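# Survey of secondary and tertiary structure
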Amino acid sequence: MADTLPGPEHAPDDDTHLDDGTSEALDAYSRIVTTVAAAVTPRVASLQVPRRGRGGWFSTALGSAVVFTDDGFLLTNAHVVGHADAGTLAFADGTTCPFHTIGADPFSDLAVLRADGPTPAPVRLGEATALKVGQLVVAVGNPLGLAGTVTAGVVSALGRSLPARSGSTVRVIDNVVQTDAALNPGNSGGALVTANGEVVGITTAVAGNGLGLAVPIDATSRQIVATLLTDGRIRRAYLGLAGVPAPLPPALHDRTGQRTGLRIVEVVPGAPADRAGLHEGDLLLTASGEPTSSAQALQHLMLADAIGSPLALTVLRGQALVDVIAVPTELPSDD
């Protein structure tokens, strides 16, 4: 008689079996992921966005978008919609409808869309500042056009920075969330969700094998979204300089308590920084009286209310402290 496989009651008792504690932990993990997937997947749409390429040829970009209001507004990435005014949404239940773009901000990689048809109830937006490294997160999106795909992982790191480009201008998205939840092309614009079902990020990039990044839902992104809803765009101020962090001389550090400044490595001819008399090699110490130790610190001052307003800057030039006044202009859009 042929050998038979042992049933559960006759299974060999070896190290491959999970003890009750491990089994219960895996069951709890599965329940969290399946609960989040059931709650969020219907609220994440697949996007099809027409793109005009060189020679007038059209192509279709794929991505995801998250319903975040009762009246049909969705969040996605600016790089997904590009300059497109409209496209098509498809939900997990098979329903489709057109959308139009309300506004996009390449420098935060966020965009707001409006569905031209009924949408599911919105997700609950959370707060990314409450995240902890190692915390369970679930990514919901439509990678490679495969609708309703769910992956799970942990928060790998917090406080990452992600360069964002519009034309020749580069800015930095601060406090990006890094996760090892698998992301692929088409996930962009999808939801990064905590175990309690709150969306705390909009997935934006694949940084490498096993590394994904998400734009955080926090006070800054909420303000950007609110402005896109009302104005359709984000106005930012422009100085026309580029710099890298550099240490202050020891004597100046001892006097001010400031360790680093921003070494100016480029001044755009004719830009506000140039007109104010700033030069390559200057070490920028303060802007508007605040220590300036990084490009991000200066970037945080370049908001709409800085346009046309005098901005006091202090630089170290050689051995001398030099005070100048710059008047930022509006950063031109890349339309």
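Note on numbering: residues in each chain are counted from 1, in written sequence order. Thresholds applied to this predicted model are a pLDDT of at least 70 for local features of residues and 80 or more for the giving and counting of side-chain atom pairs; totals over whole chains, interfaces and linings are not thresholded and use all residues. By convention in this description, side-chain values take in all heavy atoms of the structure and omit both hydrogens and water.

### As for the overall build of the chain
Quick note on the threshold: Strands here mean DSSP runs of E at least two residues long; helices mean DSSP runs of H or I at least four residues long; both are numbered from the N terminus. Exposure categories follow from relative accessible area, calculated using a 1.4 Å probe and restricted to protein chains: below 20% of the type maximum is buried, above 50% is exposed, and the middle band is partly exposed. The criterion used for residue contact is that any of the two residues' heavy atoms lie within 4.5 Å. In short, Shrake-Rupley with a 1.4 Å probe defines the accessible areas, and a residue's cover is counted only from the protein chains shown.
When its secondary structure is counted, the chain shows six helices and 21 strands. When the 335 residues of the chain are sorted by exposure, 42% land in the buried category. Within the chain, residue pairs in contact and separated by at least 24 positions form 58% of the contacts whose partners lie at least 6 positions apart. Looking at the chain as shown, the accessible area adds up to about 17,100 Å², and 54% of this sits on carbon and sulfur atoms.

### Some words on the nonpolar core
We count it as follows: In these notes, a set of buried Ala, Val, Leu, Ile, Met, Phe, Trp, Tyr and Cys residues joined through side-chain atoms within 4.5 Å is what counts as a nonpolar core.
Counting residues in hydrophobic clusters, the biggest one holds 23 residues, and the most contacted among them are V40, L75, V112, A191, V193 and I202. At the level of secondary structure, the elements contributing two or more residues to this core comprise α1 (20-40), β3 (73-76), β6 (110-115), β8 (136-141), β11 (191-194), β12 (198-208) and α3 (219-231). Other than its neighbours up to four places away in sequence, L75 contacts A65, V66, F68, A111, V112, G189, I202, I217 and V225.

### Some thoughts on unusual backbone geometry
Both trends apply: most residues other than glycine have a negative phi, and most peptide bonds are in trans. In this structure, D109 takes a positive phi of about 55 degrees despite not being glycine. Note that D109 resides in the loop between β5 (96-105) and β6. Positive phi is not limited to glycine here, since S288 has a value of about 55 degrees. Looking at the secondary structure, you find S288 in the loop between β17 (283-287) and β18 (290-291). Overall, S288 belongs to the partly exposed group, its relative accessible area being 46%.

### Focus on the environment of A164
Within the secondary structure, A164 sits in strand β9 (residues 149-166). Here A164 falls in the buried class, since its relative accessible area comes to 7%. Residues A164 and S108 lie 56 residues apart in sequence; the distance between their C-alpha atoms is 7.1 Å.

### A word on the sheet that holds β6
The following threshold applies: DSSP-based pairing: two strands are paired if at least 2 bridges between them are found. Axis lines are fitted to C-alpha atoms, over the contacting stretch for helices. Their N-to-C directions set the angle, which ranges from 0 to 180 degrees.
The six strands lie next to each other as β1-β2-β3-β6-β5-β4, forming a closed barrel whose pairing is antiparallel. Adjacent strand axes in the sheet meet at a mean angle of 40 degrees, parallel and antiparallel pairs treated alike. In terms of strand pairing, strand β4 (residues 86-90) meets β5 through five bridges, oriented antiparallel. Residue pairing for β5: A86 is matched across the bridge by H100. Where α3 meets the sheet, it contacts β3, β5 and β6, and its direction lies at approximately 45 degrees from that of β6.

### Details of the pairing of β17
Of all five residues making up β17, five are buried, and the element is well covered by its neighbours. The sheet contact formed by strand β16 (residues 260-267) and β17 spans two bridges and is antiparallel. Residue R263 lies in a different strand from β17, and its bridge partner there is L283. Strand direction decides the pairing type here: β17 and strand β19 (residues 311-317), joined by four bridges, are antiparallel. By the bridge assignment for β19, L283 is matched with L316. Bridging between β17 and β18 involves two bridges; their strand directions are antiparallel.

### Quick notes on the side chain of T194
For the record, the criterion: Distance and chemistry together define a polar contact, namely a pair of N or O atoms within 3.5 Å, with one atom able to donate a hydrogen and the other to accept it when in protein, and with adjacent residues in sequence counting only for side-chain atoms on both sides.
Within the secondary structure, T194 sits in strand β11. For T194, a relative accessible area of 5% corresponds to the buried category. Side chain to side chain, T194 and N196 meet in a polar contact 2.4 Å long. Contact partners of T194, with chain neighbours within four places excluded, come to V36, L131, Q135, L136 and V200.

### A look at the environment of L316
With respect to the helices and strands, L316 occurs in strand β19. Along the chain, L316 and L252 lie 64 residues apart, while their C-alpha atoms are 9.6 Å from each other. The residues touching L316, leaving out its near neighbours within four places in the chain, are P249, L252, D282, L283, L285 and L321.

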